[in-house]
Every structure is written in structure tokens, then in C-alpha cells.
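Residue-level structural notes
Each chain is listed here by its residues.
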Amino acid sequence: MGFFLEVVLGGLMAGVLYSLVALGFVLIFKASGVFNFAQGAMVLFAALTLVRLMELLKHTFNPLLIALLLTIAVMIALAWAIERLVLRPLVNQPGISLFMATLGISYVLDGFGQAVWGSDVYVLDVGIPKRPLVLLESVVPGGVLVPSEDLFAALIAGLLVVGLGVFFQKTRIGRALRAVADDHQAAQSVGIPLNYIWVIVWAVAGLVALVAGIVWGSKLGVQFSLGLIALKALPVLILGGFESILGAVVGGLIIGVGEKLSEVYLGPRVGGGIENWFAYVLALVFLLVRPEGLFGERHIDRV
Amino acid sequence: MFYREAGQFKTSYGADQAVFPIHQDRIFVALWLAIAFVLVPLVSSEYLLRAILIPLLILALAALGLNLLVGYCGQLSLGTGGFMAVGAYAAYNLCVRVPALNPFVAFLLAGGVATLVGIAFGMPSLRIKGYYLAVATLAAQFFLDWVFSRVAWFTNNTPSGSITAPPITLFQLSFDTPVRKYLLCLTILALFAMVAKNLVRGRIGRAWMATRDMDVAAEIIGIRPMYAKLSAFAVSSFFIGVAGGLWAFVHLGSWEPLAFDVNRSFSILFMVIIGGLGSILGSILGAAFITVLPLLLNQLPQWLGVSMSTAMISHLEAMIFGCLIVFFLIKEPLGLARLWRIGKEKLRLWPFPY
């Protein structure tokens, strides 16, 4: 029983990490209708920039804070560049063109990040406590082992979701973003400047990528494989629906738990290593039952 | 001036519906085929054949298959690598376990196996579309990756996971020299391109294109969506499976499952997009572009006289590749095939500007 709880908790923690990456996807898809394959590359780029800047600035009075501010500025500049150079020329093109363009952006970011900052594995230490905690000693004999950095990750993700929720509901820009997500043309006719909004959305997604990069990076170290997390976040998006923040969170948790449980209980029977595809098959099964994802919007096709 | 069709009258419906109705087109295609079959093997070095032309032809076949699915039927698929793997491993297992089987028959049967797998993984397309379908096909890709790495039966229980293909022979003629391999791939590509061209001009092709444009309307006018979509998956997987078999047997020789991973799927998708969705010629042009580009990029620092580490070169390659893709999508979203068509239109009016 204790082992099962540990696996479930471990899965929930992993799921939180997936949700963080999926959040960035959802933000961009909601507001600009673009499926941003470059999100994983943005996570990697943000984490790389932060780590290397921290190293470069390590003799200043607070390397973490300065590096963080500089990285935020870099991600905003990146969002501006992407909007100006890629999104604006491709404004009315079909979705697949934009998808391929983001694929191209992910290649560019990968290459650029590694050319400028180097491709070693870097250790990211932002002060997240790494001591494992033993919880629920009274309920389960021996207690349940939970790494405290996973708890921190969950806390950060929760704060981020709440913060994004408040941003979308209470602020003027958040309202404008929701309007753009609903209907581009209507939003434009009411006077909302689309280009400006897209820069903001991509910048916010960049910041979410930074947070995801910090969390993943402290756990795994900042390395090239971080960019491949984008592929892992896709089943999360399918499960939760492409347009729902709540869906990204819930989907991430389900995928995380499902993956860990399947690896532990099903894996040994079929030779192990099913973590790679189990998430996809799970998402596929969900899709057959509910094609838009759990919280996605129903598409009504009109002829 | 040279390309006008004035004076070319057709006296039968068959002649009017020919694939190349214009006389100059026929001469042009015949010329290209002559160059490809006769001239290229004579003048090409072994490196050119092995490193550039043979992979180009095989990947063009795979891109052709994917173009039928994505460009003509509108079903986005990221599982190409997995289907190529199915073709490769099926061909290998058939050749190894049924030694009396001719390798060519093995290729065709492997294509058939890939067809069945393609239909199975194409079933979700009846319920889901667009990006969701793309991720479902990614599921196919990762699942097939795992199956060929973990299930030992497919690799004939080799301990290393990497298998070697038996040589291809036909009527005592062994296809071991680069020239013979090149001619083999060229023949197969030419045949399959002809089949594809006729398919898309016929009833099935029109059903595919109707499904791509507006599948609800297509269903209303009587095109059965299951038939259209699953037939697209079936034909496409056949092409891709045969391409996979060729890739493993002719180009690689010995391989492991990593040869057909998700990067392979993405590169073939790039070929289709850059070459032009919904165009047979586009698949071949796109394959040529994507195959030759990394080689050019690799040589670029040498030509410019700048020396840099190989790591830096590969990073620059990735950056330039990404930039080129975005550039292509902005400048010519319909791909190289569209540029070709514009060229032909200009040629019709030459020397006048319009």
C-alpha cells in the first residue's frame, strides 16, 4: 500500500512537471491558434540562458536575481522576434504551415542556444531544497518517501496556475487575451491590437517555459534532452484539450500517474520501457471516447 | 515560344485525358528519364550514388507515400518512421524466415504488412482530425519504435539489437554495386510515381481531395469517409513500407530501430511540406532539397574558409535548417512544386512577360 502511494505520488509530481510545459502550449494555442512545437526548445533555451548567466554573473551581489531578470528580458525579446519575423508574415496561412514554422523555430532555438551557451550538462541550483521527506508515517508503516523538490515543483506550478487564472480574469490584458482566443477578427474589430497581444502571449508562454525550465533543470540538470519534453507534453494536451489551462493541469496529472503506474505494474510483464509510448496510447484511448479532450471545446463543423 | 500547345489537337477522349497531353511535356519527361537511367550512372562517382542519389530516391518514395496521405487526403501523420520500420523489419523477417522467397516479393509483402499496420493506426482518423490525429500517429511511431526494440522475435533474437539485411538477388543478378542499386531504386520510384499519379487522377484521388478540403461536405455528397481515409492510409503505408524495406536493404545494409525514429518522420514531413503538399513532383523535389541540404551546409564552412569545431558546425546547420524552413514557408508556402509550375507558366509566355 505504501509502495502504491509512493508510485502515485511520484506520478503526480511527474505530472505536474508535464503540466508546466503543456501550459505554455495551451497559452499560445488559445490566443493565436498556433500549435507551438518550439515550446520544448523555449524551455531548454530559457534554462540554458539562466544557468549560463548565473555562472557569468557569479561575482555580483545576487547572481540569481540579476540572471533571472536578464533571462526574462531575453524571453520577451525572443517573443517579439518570433512575432515580428515568423507570425506576422504567416498571418492567414493554414495551421499546418504555422506548425511547421514553429518546428523550424525549435530547430533554430536548439542550434542557437547550444551555439551560444554550449551543450554540456549544467547544474541549476536556485535554492530549491532537495532533501527527501518522509510523510504519512502514521498512516502507512514506514511512511511515504517524497522528494521535497517535487513538492516545491507542485507548489510553484499551483502558484503559476492561480497567477495565470487571476491574470486572465482580473486584468485588462488578460481580458484582451481571452477575447483574441475567442475570435481574432471580432477582437480586432473591437480595437484590440493583435500583433501586440501575440507578443504578450508568446512572452508569457516564454516565462512559463522559464519556470518549467527552472523546475526541470533543478531536477535533471540543464541538458539537450530538455527540448524533447515537448513531445512528452503532447499527450497531456490531447487529454486535457488544446484550449484549456485546467485541462493541461488535469491531463498532466493523469498522464504522470498513468505512466508511472503502467511502468511499475505493467512494465515488467512486457519487457519494460513502456513509458515512452504509454502516455500516447492513453491519450489515444481518451480521444476515441472524447475527441476534443476532457476540457476542450467541441468543434462544430459546418458545411 | 517553345512551350505553346497551339496546333496540338486531340482526336480522342483518351488522348485528351493523357497524363502528359502536351507534346513538349512528353519530350521533357522522356529526356529526364533518359538522363536519370542512362547518363547519371555513367558519369556519377560512387560517392555521389551511395551518399546522395540512392537515399534521395528512397526518401522520395517515402515522401511520395506521405504526400498521398497528408497532401491529397489531408490526414496529418507523424508516424512515417514507424511505418518504414514495419516495412524494413517485415522484409527482413520474410527474407530470413522464408529463404526461398524472392527479395522483391518480400518487399511487396512487406509493403502489404505495412498497409495492414497503417490501416490499424489509421482507424483513429475516423474520429479525430488535425493536430489530434498527428499526435495519434506519434503514438504509432513511439509504439512501433518500442516494439522493434523490445520484442526479440522481430530482430531474430540478435543480442545487439542491430540486424543485417541479406543481399538482394534476382535471377542470378545480384544488386551489390552502387549503379545496380541506383537503377533498382530509380525503377521502383518511377513505377510507384506512375501508380500514384494515376491514383490521384482517378476516383480515389478525387475522394481523397474532397475529404481533405471539407470532409463533412464530402460525406454529404456520398463519399464514404471510412473508405476514403483508410484507403489513403493503406496506399500511403504501402509506399512507405516499401521505401522502408529499400532503405534498410539497399541503403543501410544493417540497422537498428533508431534508424526509423521520430526524426526520420519529421524529416520526411519536411520534404513533403517544402516540396509541396498535393504534388507528385513536389515529393521528389522536396526529398532532393532535404537530402542535399545537410551535405551543402556541412561543406559551407570549408568553402568560406572559416574553421570551426564540428559541434559548432552542427549547431549552425540546425539553425540554418530551421531558418530555411521558416523562410520557405513564408515565401512559398505551396512549396517547390509551385515554383516549378510558375516556371512552366513563364515558359509558356516566353519571351513575353505576360
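Residues numbered from 1 in each chain as written. Chains lettered and ligands numbered in written order. Predicted model: local features only at pLDDT ≥ 70, side-chain atom pairs only at ≥ 80, totals over all residues. Heavy atoms only, no water.

Summing up its helical and strand segments, chain A has eleven helices and two strands in all. Mapped in sequence order, the helices and strands of chain A form the string α-α-α-α-β-β-α-α-α-α-α-α-α. The C-alpha radius of gyration of chain A comes to 20 Å, within 12% of the 19 Å expected for a compact globule of 303 residues. Reported as C-alpha extents along the three principal axes, the dimensions of chain A are approximately 65 × 60 × 40 Å. In chain A, which comprises 303 residues, the proportion classed as buried is 52%. Taking contacts inside chain A between residues at least 6 apart in sequence as the whole, the part at least 24 apart equals 71%. When the accessible surface of chain A is totalled, it reaches about 13300 Å², and 66% of it is carbon and sulfur. One way to put it: in chain A the 18 positive side-chain charges average out to a point 7 Å from where the 18 negative ones average out. (Helix = DSSP H or I, 4+ residues; strand = E, 2+ residues; numbered from the N terminus. Rg over C-alpha atoms; globule rule 2.2 N^0.38 Å. Buried < 20%, exposed > 50% of the residue type's maximum accessible area, 1.4 Å probe, protein only. Contact = heavy atoms within 4.5 Å. Areas by Shrake-Rupley, 256 points an atom, 1.4 Å probe, with all protein chains shown as cover. Lys, Arg positive; Asp, Glu negative; His and termini not counted. Charge placed at Lys NZ, Arg CZ, Asp CG, Glu CD.)

It is worth spelling out the environment of Pro353(B) at this point. As for its position among the elements, Pro353(B) is in the segment after helix H14 (336-349). In sequence terms Pro353(B) and Gly253(B) are 100 residues apart; their C-alpha atoms lie 51 Å from each other.

Turning our attention to a nonpolar patch on the surface. All names here are of chain B. A cluster of nonpolar residues, Phe28, Leu31, Trp32, Ile35, Val38, Leu39, Leu42, Val43, Leu281 and Trp340, forms a patch on the protein surface that exposes about 980 Å² of accessible area. By residue number, the principal contributor to the nonpolar patch is helix H2 (residues 23-43), which donates eight residues. By secondary structure assignment, the location of Val43 is in helix H2. Relative accessible area serves as the criterion here: at 63%, Val43 is assigned to the exposed category. (Patch = residues over 30% accessible without salt bridge, like charges linked within 9 Å, V, L, I, M, F, W, Y side chains within 5 Å. Salt bridge = Lys/Arg side-chain N within 4 Å of Asp/Glu carboxyl O.)

Turning next to the environment of Ile255(A). Residue and element names in this part refer to chain A. As for its position among the elements, Ile255 is in helix H10 (residues 245-270). C-alpha of Ile255 to C-alpha of Gly11: the two residues are 244 residues apart in sequence and 8.0 Å apart in space. The residues touching Ile255, leaving out its near neighbours within four places in the chain, are Tyr18, Pro235, Val236, Leu239, Ala279 and Leu282.

With 38 residues of chain B in contact, the opposing surface of chain A contributes 49 residues. Of the roughly 3800 Å² buried where chain B meets chain A, counting both sides, 80% is carbon and sulfur surface. Counting the surface chain B buries against chain A, the share from its top three residues, Tyr131(B), Tyr132(B) and Trp146(B), is 20%. Taken together, chain B and chain A are joined by zero salt bridges. Counting across the interface, chain B meets chain A through one residue pair in polar contact (both at pLDDT 80 or more). Taken together, the elements giving at least two residues each to the side of chain B that touches chain A come down to helix H6 (131-150), helix H9 (215-220), helix H11 (262-275) and helix H13 (310-331) of chain B. Here the side of chain B that touches chain A is built from residues that sort into 33 nonpolar, two polar and three charged. (Buried area = accessible area lost by both parts, 1.4 Å probe. Polar contact = N/O pair within 3.5 Å; in protein donor to acceptor, adjacent residues only side chain to side chain. Nonpolar A, V, L, I, M, F, W, Y, C, P; charged D, E, K, R; others polar.)

Residue and element names in this part refer to chain A. Along the polypeptide, Asn36 turns up in the loop between helix H1 (2-32) and helix H2 (39-56). Residue class for Asn36 comes out buried when judged on its relative accessible area of 0%. Separated by 2.9 Å, the side chain of Asn36 and the backbone nitrogen of Ala38 make a polar contact. Among all residues touching Asn36, those that are not within four sequence positions of it are Phe25, Ile28, Met42, Thr102 and Trp202.

Let's shift gears to the nonpolar core. Among the nonpolar cores identified, the biggest contains 201 residues, and Phe35(A), Phe249(B) and Trp255(B) are the most heavily contacted of them. Ignoring any residue separated from it by four or fewer positions in sequence, one finds Phe249(B) in contact with Ala88(B), Ala91(B), Tyr92(B), Cys95(B), Phe107(B), Ala165(B), Pro166(B), Ile168(B) and Trp255(B). (Core = buried A, V, L, I, M, F, W, Y, C linked by side-chain atoms within 4.5 Å.)

Residue and element names in this part refer to chain A. It is at 12 Å that the axes of helix H3 (residues 63-87) and helix H4 (residues 95-117) come closest, and there the two elements cross at 135°. Relative to H4, the element H3 is oriented oblique. Between H3 and H4 the crossing geometry is right-handed. Across the interface between the two elements, Leu78, Ile82, Val86 and Leu87 from H3 touch Leu98, Ala101, Ile105 and Leu109 from H4. (Axes fitted to C-alpha atoms, helices over the stretch in contact; angles between N-to-C directions. Parallel < 35°, antiparallel > 145°, perpendicular 65-115°, else oblique. Left-handed = near helix turned anticlockwise from the far one by under 90°.)

The next thing to look at is the confidence of the model for chain B. Looking at chain B as a whole, the pLDDT averages 88, with 99% of positions reaching at least 70. For this predicted complex, the interface confidence reaches an ipTM of 0.82, while the overall pTM sits at 0.89. (pLDDT = per-residue confidence, 0-100.)

Describing an aromatic ring pair means giving the distance of the ring centres and the angle of the ring planes. Residues and elements named next belong to chain B. What the rule picks out here adds up to 31 aromatic pairs over all chains. Measuring from ring centre to ring centre gives 4.3 Å for Tyr89 and Phe148, while their planes differ by 5°; the resulting arrangement is stacked. Taken together, the positions of Tyr89 in helix H4 (residues 80-97) and Phe148 in helix H6 put the pair 59 residues apart, joining distant regions of the chain. Each of the two residues, Tyr89 as well as Phe148, counts as buried. Among the aromatic residues, those joined into a ring-pair cluster are Tyr89, Tyr92, Phe104, Phe107, Phe148, Trp153, Phe154, Phe249 and Trp255. Positioned over the ring face of Trp153 is Arg97, at 4.1 Å from the centre of the ring. The ring of Tyr227 is capped by Arg224, whose NZ or CZ atom sits 5.4 Å from the centre of that ring. (Phe/Tyr/Trp six-rings, centres within 6.5 Å; stacked < 30°, edge-to-face > 60°. Lys NZ or Arg CZ within 6 Å of the ring centre and 35° of its normal.)

Applying the stated criterion across every chain, the model contains eight salt bridges over all chains. With a shortest N-O distance of 3.2 Å, Glu259(A) and Lys232(A) are connected by a salt bridge. With Glu259(A) in helix H10 and Lys232(A) in helix H9 (residues 229-240), the pair connects residues that are 27 residues apart, well separated along the chain. Linking Arg212(B) and Asp213(B) is a salt bridge whose minimum nitrogen-to-oxygen distance equals 3.3 Å.

All right, on to helix H5 (residues 103-122) of chain B then. For H5(B), with 20 residues, the first-to-last C-alpha span of 28 Å sits near the 28 Å given by 1.5 Å per residue. Looking at where H5(B) begins, the residue whose side-chain oxygen comes 2.9 Å from the main-chain nitrogen of Phe104(B) is Asn102(B). (Expected span 1.5 Å × (residues − 1).)

Residues and elements named next belong to chain B. On the surface, Lys197, Arg201, Arg338 and Arg341 cluster together into a positively charged patch. Put simply, the parts of the chain that give the positive patch at least two residues each are helix H7 (178-201) and H14. Residue Arg338 is classed as partly exposed on the basis of its relative accessible area, which comes to 32%.

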